[in-house]
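Next come the chains, spelled out residue by residue.
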Amino acid sequence: MAERADVVSLLQTLVRHDTTNRAPGDAEGELAAATWIHDLLAEAGLEPVLLARDDAPHRANVVVRVPGTDPSLDGLLVHAHLDVVPAEPEQWSFDPFGGDVVDGYVTGRGAMDMKDMCAMTLSVLLDWAASGERPRRDVVVAFVADEETDGAYGAQWLVEAHPELFAGVTVGIGESGGVVESHVGADGSPVRLARIAAGERGTLHLRLTATGTSGHASRPTEGGAVLALVDALHRIGHHDWPLHVSPLVRAQLEQTAAALGHKADLTTDDGVMRTIAELGDAADVAMFTVRASTTPTVVRAGYKVNVIPGVAEAEIDVRCPPGFEDELLAALPALVGDGVAFEHSVREPSVQAPIDGPWFEAMVASVQHVDPSAVVVPGCLGGGTDAKAFSLLGIACYGFAPATVDPDGRRRSGIHGVDERVPVSSLLGGREILGHFLATV
Ligand SMILES: [Zn+2]
């Protein structure tokens, strides 16, 4: 077996490629990062392809297929995004794009979201290429652009324009999951827990338009567009959505409670909320995934203080647990109310992958191969990842980008914030888990 391609230096190089995604059309560094990966894989003897939309050649993606030894098996997708959210260097205690190793951490924007996964996956591919080892099934790896906006140049575009790249693939792994973390059990003992994401709430964008008579503000008439809109926003934003505990979140809460030695009472709404409160951090985002959320985010009205505007508009970010879509859509007209028009677009349906069966078991086995004490539970994400795009191809998507606990207590931190960094030991452990999974599944 060849020496493991050095995952730490791979991550350092990736961090040094500034792939900041500020807005649609603006992530110049993606091409350099993608080209670097492409060339590395090609030099190793693999056959990667570099792809970008014609109107944005700098928003580059790399896809490579490693043929498995058993062509009768379904293919597996590994997806990881190359872009990162902006960093404000003056707030950081190190260079966000320096990629330095400091105090046992790899530091920099993307270290945790999610160039760590890019580096781990690259390391496995390079080791395979060097040793001649091959996976059992076809493994398709997609390093994609533009996840931090909406994937229009990345995952979404690949799925629409190049579905042939994913032929035969039925399961995918990607962002958000498989990270082993330390928690404290009910009796005070330490418990190691990893959550694998097997679902995501769906996303809906709602646009409200209120109209009224415009005129001079010194002579107000009854109602008006602004007040009608504000009333609607108040009803929607403060609406108390009923609990909807999907089978996935139920399994998450039951298994997390069992691991920590808490009693889960999921028979009543109060019991569910009490269980979530007792589990604390270990419940992850269950507080949000047990119900829908309707959050006003954009409001537009008026242009001059003494003029009553004739139109007022708002946008609302709506997230919906798997299986609650019909109920949510049925409730919207009454919440919006009379006199305000609304339209919605289902941007991304919810995602749910099986939590019983060989795929999930294989992920659990790989985590426990490296950390036998880890308890692995399924979970649901409150937001979204590129899994939503890939699931449109019928691919069952899991959040599985593993990492282990640092023995000296260092923690992964700074995602979308300041001083992003990952412990070197967690990265090496994650590489072992991922390598074991990709080789054995
Ligand atoms: Zn991410």
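Everything discussed here concerns the structure shown above.
I will try to describe carefully the structure that is included in this document. (Residues numbered from 1 in each chain as written. Predicted model: local features only at pLDDT ≥ 70, side-chain atom pairs only at ≥ 80, totals over all residues. Heavy atoms only, no water.)

### Looking at the pairing of strand E7 (residues 169-174)
Point 1. Burial analysis of E7 places five of its six residues in the buried class, the great majority of the element.
Point 2. In this sheet, E7 lies alongside strand E3 (residues 75-81) in parallel orientation, the contact comprising four bridges. The residue bridging Val 78 from the neighbouring strand is Ile 173, located in E7.
Point 3. Judged from the four bridges that link them, E7 and strand E18 (residues 396-399) form a sheet pairing that is parallel. From the neighbouring strand, Ile 173 faces E18, where its bridge partner is Tyr 398. (Buried < 20%, exposed > 50% of the residue type's maximum accessible area, 1.4 Å probe, protein only. Helix = DSSP H or I, 4+ residues; strand = E, 2+ residues; numbered from the N terminus. Pairing = 2+ DSSP bridges.)

### Quick notes on the sheet that holds strand E12 (residues 293-301)
Point 1. Pairing in this open sheet of four strands is antiparallel, and the strands run E12-E14-E10-E15 from one edge to the other. Of all the strands in the sheet, the pair left with one neighbour each is E12 and strand E15 (340-348). The average angle at which neighbouring strand axes cross in this sheet is 20 degrees, direction not considered.
Point 2. Judged from the eight bridges that link them, strand E10 (residues 202-211) and E15 form a sheet pairing that is antiparallel. Within E15, the position partnered with Arg 207 by the bridge is Glu 343.
Point 3. Running at roughly 10 degrees to strand E14 (residues 311-320), helix H5 (residues 225-237) makes contact with E10, E12, E14 and E15 of the sheet. (Axes fitted to C-alpha atoms, helices over the stretch in contact; angles between N-to-C directions. Contact = heavy atoms within 4.5 Å.)

### Topic: unusual backbone geometry
Point 1. Here Asp 113 and Met 114 are connected by a cis peptide whose omega angle stands at -15 degrees.
Point 2. You can see Met 114 is positioned in the loop between strand E5 (105-107) and helix H3 (115-131).
Point 3. Positive phi, close to 70 degrees, is recorded for Asp 146, a residue that is not glycine.
Point 4. Within the secondary structure, Asp 146 sits in the loop between strand E6 (139-144) and helix H4 (155-161).

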